[in-house]
Amino acid sequence: MRINLRSGGLHYRRDRLLQLTWIATMSISKLVTALPVALLLGAFVTMPATGADSGWWVVLGAIRSPDNSFTDATLAEARRLEAAGRRCGVKVFWDFSSKFSGFVAGYTVVVAENPYASRERAESVVAKVRGCVPQAYFKQGRYAGE
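Remember, it's a predicted structure, so these values are computed and weren't measured experimentally. (Residues numbered from 1 in each chain as written. Predicted model: local features only at pLDDT ≥ 70, side-chain atom pairs only at ≥ 80, totals over all residues. Heavy atoms only, no water.)

**Q** Report on the sheet that holds strand β3 (residues 54-64), specifying residues and quantitative values.
**A** The strand order across the open sheet built from five strands is β4-β6-β3-β7-β5, with neighbouring strands paired in antiparallel fashion. For this open sheet the edge positions go to β4 (92-96) and β5 (100-101), each flanked by a neighbour on one side alone. Where β4 and strand β6 (residues 107-112) come together, five bridges link them in antiparallel fashion. In the strand pairing of β6, D95 is matched with V109. Relative to β3, helix α3 (residues 72-87) is tilted by about 130°, and along the sheet it contacts β3, β4 and β6. Sheet strands in contact with helix α4 (residues 119-129) are β3 and β7 (137-143), and its direction is about 35° off that of β3. (Pairing = 2+ DSSP bridges. Helix = DSSP H or I, 4+ residues; strand = E, 2+ residues; numbered from the N terminus. Contact = heavy atoms within 4.5 Å. Axes fitted to C-alpha atoms, helices over the stretch in contact; angles between N-to-C directions.)

This is the structure in structure tokens:
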């Protein structure tokens, strides 16, 4: 679970398995009918997540936060980067870099909502995002969350 500071509410991470969880509550007869449809839809729906919190993260920005606290300036910059990412079609969240293995501690990082399974996919998203956030880059890591 992550806190979405923008809306003040709770934000739950999407996972590839959530696409099909509704099937578990259906009866067997409905399952036989619904499974081919769900599999067909799954072939056309591309989820960037790897199914876990590790992979290639698209980083829109890193804001210095040495004491792991959100200041007004930190929040303003994170919101600016979020809006820029949204203009390029990327949903983002932000958290402290110390919660990501492979990231340097002491920053608030603004990253795409989910990691990508392949470096190539992350590169293509970075190329798209750089139209709105020229300093965007990708980095491999694992998010530890709360």
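**Q** Lay out the state of the cysteines in plain terms, naming residues and giving numbers.
**A** By the definition in use, this model includes one disulfide. One disulfide bridge connects C88 with C132, the sulfur atoms lying 1.9 Å from each other. Between C88 and C132 the sulfur-sulfur dihedral comes to about 90°; the bridge is accordingly right-handed. Highlighted residues: C88 in the loop between α3 and β4 and C132 in the loop between α4 and β7, separated in sequence by 44 residues. The exposure class assigned to C88 is buried, which follows from its relative accessible area of 13%. (Disulfide = S-S within 2.5 Å. Buried < 20%, exposed > 50% of the residue type's maximum accessible area, 1.4 Å probe, protein only.)

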